[in-house]
Each structure stands twice: as C-alpha cells, then as structure tokens.
Amino acid sequence: MGELDVDGHAVVDAIDQPTVVVSDDDRILDYNEAFQSLVDEADPASVSESIADYPALRQHVRDREDGIVPVDADDEHYFQVRISEVCANDGGCVGDLVVLHDVTDQQEHQRDLEHQNEQLDKFASLISHDIRNPLDVAIGRTTVLEEVVDDPAAADHLRELNAAHARMRQIIQDVLTLARQGRSIDEKGDVSLDVIADLAWSHVDTTGGRLSIETDAVVRADRERLEQVFENLFRNSIEHGLDSSASGITVRVGELDDGKGFYVADDGCGIADGICDRVLEAGCTGDDGNTGLGLAIVRNVADAHGWRITVTEAASGGARFEFRDVEFAPDEQAVTGSER
C-alpha cells in the first residue's frame, strides 16, 4: 500500500505506463497522460465509460483482478493489468491504482514459442512413426537372420547390425526428448540425490561400471527430469569414458566443496581434446562418434532448473560435470557414502 497525493498527481505522473486512480464508485480521481492518450478523452471522469471500448480491460478493472487482456479487436495489442490499493497522505483509503503495462511484445514472443512447440511436436511425431517403424522392421529381420544363418563369418556382421540398431534407437529417443522437453519446471519437490542416482543407475546398462554415491543431500528438483540427468551422465560415462584397455570405470556422485551444488564424475578416459567447452551442445561429436544429444538434454534440464552446469576434468583424469546454484531442501542429513 502506498501514499498518493491526489491533487498533486505525485504518483501517476511519475509512471510512463497508462495509469489511473479509481474510486470505489467508479470515479476517476487521477490519471496520467499515457492513460489519457489510451482512452482519447480530454477529461475522463468515469473509468467504466472511458474504457468502454475495451470490454476485457473494463471487466478486469471492475472485478479488481490482475491479468493480461487484449485491448483491440484483433487481439494484437495487450496490457498487463496491475491493481493495488492506495491511500492519501492522511492515511485514508483513496481507491485503486490501476497500472497498464504494455506486454504486446511478450505475448507475440509467447505465440512464437507456442508455434515452435507445435512444430517440434509434429517433428517428434514424424520421428516416432516414420523412423521408428522401419527401424523395428530392420531389427526384426536381423533377428530372423541370426536364427537362420549358421555361418561364423556372418556373426560379427550381425553383432555390428544389432549395435547399430541399438545406437539408432537411442538417438531417436534422445531427439524425441529434446523436441518435447520444456525449458521450465512447473513444480519442484524434495529429491534425495542418493535415491535418484541409485534408481537411474539401475535403468542403464552399467556393465563395466561401479557407482559410488558420496552424498545423501536433498535438493529441490523435478524428480523425473533429474533422474534423466543421472541416466544420461551414467550412460555417457559407461559408453564413452570406458577405455578399451581399462577393466572398469567408477562413477561418483557427491556435493561440491562449497555446498552449493553437486557433481557427477568418473575415472574414465575423459573428454576428447578441444570439445570440453562444446560437449553440452546438441550435435557435438567426439572421436567416439557421440552425437552429444544425451548431454544436450542434461544441459536443458539444468537450464530449466536455473542451475549452472560446467564440464571439467576430474582429479582422476575422467570427466566431471558440476551443477551449481542448486536449491537444497532444509534439514539435510549428514553425508554418508554408498557403492553400487
């Protein structure tokens, strides 16, 4: 609640957006030049009459309801209505201060985003139907060949075919995720890092890997999308961090030393030279042929949470992904470690 010198126009003249002060009985007590230009009246007296050409706006003012309303017949111009109670210098209630913020550009941007989302959804449907179906046929035919071809020389070729099919299926899934994944989080909950990391580990082919969880911190996050982060990072470590000469790889999950985030690190062969700064970009490829889509999904999820993600070299020489600006839930328990 603010103070208003009605006679001196102390408040409304200082606001460049259309602004008007309305009494309980619909009288206009004060207004600025921007409001006068909007209603095109020399001396507006009644707010209902002055904005009669804008029915949606008039209804919001009458109901004392904030919101975004169109102010032309073609719905191409929008105002955000902000209404607050004000009082005069003597403390007595004056009425309502109505400020109209022009949000036309924001609304146009929102429409553009919605159009892009529609196009992405169509693209995702195309991938799901027109690419997955022939891939399923190819997988089925390969299975038949494995059953009917009894030739050791063909075995290696069939294994390569199966590996290629599995890789194609993963790429399709990653592209679908990127196309359908939003850049905002609607609702966050309390998520235990150790629980979600352990669950994600169980969903990935971790042959040759070991998971060491060194925290039981609880963070505020979207549980499903955080699980996706861990799955993609674990898969990346196993598939691309495991050197052919190594007997295994250890992936660690823990809190950052400053207590403002968490990390996922491995002791594998690390990230190829020259792409560390670009590894989170969609389409970034290394010597192993990784498309980078899985890591692009990780970046998108981090962005949606408002987290900063950086990629560095772990102390063991492998890859380390650090997440900062993470909101931790209150009443955290002491850190305990576990291994999988």
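Conventions adopted
Residues numbered from 1 in each chain as written. Predicted model: local features only at pLDDT ≥ 70, side-chain atom pairs only at ≥ 80, totals over all residues. Heavy atoms only, no water. Helix = DSSP H or I, 4+ residues; strand = E, 2+ residues; numbered from the N terminus. Buried < 20%, exposed > 50% of the residue type's maximum accessible area, 1.4 Å probe, protein only. Phe/Tyr/Trp six-rings, centres within 6.5 Å; stacked < 30°, edge-to-face > 60°. Expected span 1.5 Å × (residues − 1). Polar contact = N/O pair within 3.5 Å; in protein donor to acceptor, adjacent residues only side chain to side chain. Core = buried A, V, L, I, M, F, W, Y, C linked by side-chain atoms within 4.5 Å. Contact = heavy atoms within 4.5 Å. Axes fitted to C-alpha atoms, helices over the stretch in contact; angles between N-to-C directions. Parallel < 35°, antiparallel > 145°, perpendicular 65-115°, else oblique. Left-handed = near helix turned anticlockwise from the far one by under 90°. Arc of directions from axis to C-beta. Salt bridge = Lys/Arg side-chain N within 4 Å of Asp/Glu carboxyl O.

Backbone phi values are negative for most residues with the exception of glycine, while trans is the configuration of most peptide bonds. The phi dihedral of aspartate 26 is positive, around 80°, even though this residue is not glycine. Following the sequence through the fold, aspartate 26 ends up in the loop between strand E2 (19-22) and strand E3 (28-31). Phi is positive for aspartate 325, which is not a glycine, with a value near 60°. Mapped onto the fold, aspartate 325 is located in the loop between strand E13 (319-324) and strand E14 (338-339). A relative accessible area of 45% places aspartate 325 in the partly exposed class.

A word on the packing of aromatic side chains. If you walk through the whole model with that rule in mind, you get six aromatic pairs. Ring geometry for tryptophan 201 versus phenylalanine 234: centroids 5.2 Å apart, planes at 75°, classification edge-to-face. Separated by 33 residues along the polypeptide, tryptophan 201 in helix H6 (residues 193-202) and phenylalanine 234 in helix H7 (residues 223-240) bring together distant segments of the chain. Residue classification places tryptophan 201 among the buried positions, given a relative accessible area of 8%. By way of ring pairs, the aromatic residues Trp201, Phe230, Phe234, Phe262, Trp307 and Phe323 are connected into one cluster.

Between its first and last C-alpha atoms H7 spans 26 Å; for 18 residues at 1.5 Å apiece the expected length is 26 Å, and the two agree. Across the 18 residues that make up H7, a large majority, 14, are buried. For H7, the capping residue at the N-terminal end is aspartate 222, with a side-chain oxygen 3.1 Å from the backbone nitrogen of glutamate 224.

Within the largest apolar cluster, 37 residues are counted, with the highest numbers of intra-cluster contacts made by Leu226, Phe230, Phe234, Phe321 and Phe323. Here the element with the most residues in this core is H7; it accounts for six residues. Counting residues in each nonpolar core, the second largest holds 19 residues, with Val61, Val71, Val81 and Val98 among its members.

Mapping threonine 104 onto the fold places it in helix H4 (residues 104-148). Those residues in contact with threonine 104 that sit more than four places away from it in its chain are Glu76, His77 and Tyr78.

So, on to the packing of H6 against H7. In a pair of packed helices, the angle between the axes and the distance between the axes together describe the arrangement. Put simply, H6 and H7 touch, their axes get as near as 8 Å, and they point 55° apart. In terms of their interaxial angle, H6 and H7 are classed as oblique. Considering how the two elements wind past one another, H6 and H7 form a crossing that is right-handed. Listed contacts from H7 to Leu193, Val195, Ile196, Ala197, Leu199, Ala200 and Trp201 of H6 are Arg223, Leu226, Glu227, Phe230, Glu231, Phe234 and Ile238.

One can find glycine 67 in strand E4 (residues 67-70). Ignoring any residue separated from it by four or fewer positions in sequence, one finds glycine 67 in contact with His60, Phe79, Gln80 and Val81.

Here valine 98 lies in strand E6 (residues 93-102). Of the residues examined, valine 98 reaches a relative accessible area of 2% and is grouped as buried. Sequence spacing of valine 98 and valine 12 is 86 residues, and the spatial spacing of their C-alpha atoms is 9.6 Å. Those residues in contact with valine 98, other than ones at most four positions away along the chain, are Pro18, Thr19, Val20, Val22, Val61, Val81, Arg82 and Ile83.

Of the residues making up H6, those classed as buried are Leu193, Ile196, Ala197, Ala200 and Trp201. For H6, the buried positions fall inside an angular range of 140° around the axis, keeping them on one side. Those residues of H6 hidden inside the fold are in contact with strand E7 (189-192), strand E8 (209-213), strand E9 (218-221), H7, strand E10 (249-255) and strand E11 (261-266).

Following the criterion strictly, the structure yields eleven salt bridges and no others. We note a salt bridge from arginine 64 to aspartate 96, for which the minimum N-O separation is 2.7 Å. Of this pair, arginine 64 sits in the loop between helix H3 (55-63) and E4 while aspartate 96 sits in strand E6; the two residues are 32 residues apart in sequence, bridging distant segments of the chain. What makes arginine 64 partly exposed here is its relative accessible area of 48%. The residue arginine 308 makes a salt bridge to aspartate 325 at a minimum N-O spacing of 2.9 Å. With arginine 308 in strand E12 (residues 308-313) and aspartate 325 in the loop between E13 and E14, this pair connects stretches of sequence that are 17 residues apart. Within this structure, Asp258, Arg320, Glu322 and Arg324 form a network of salt bridges that share partners.

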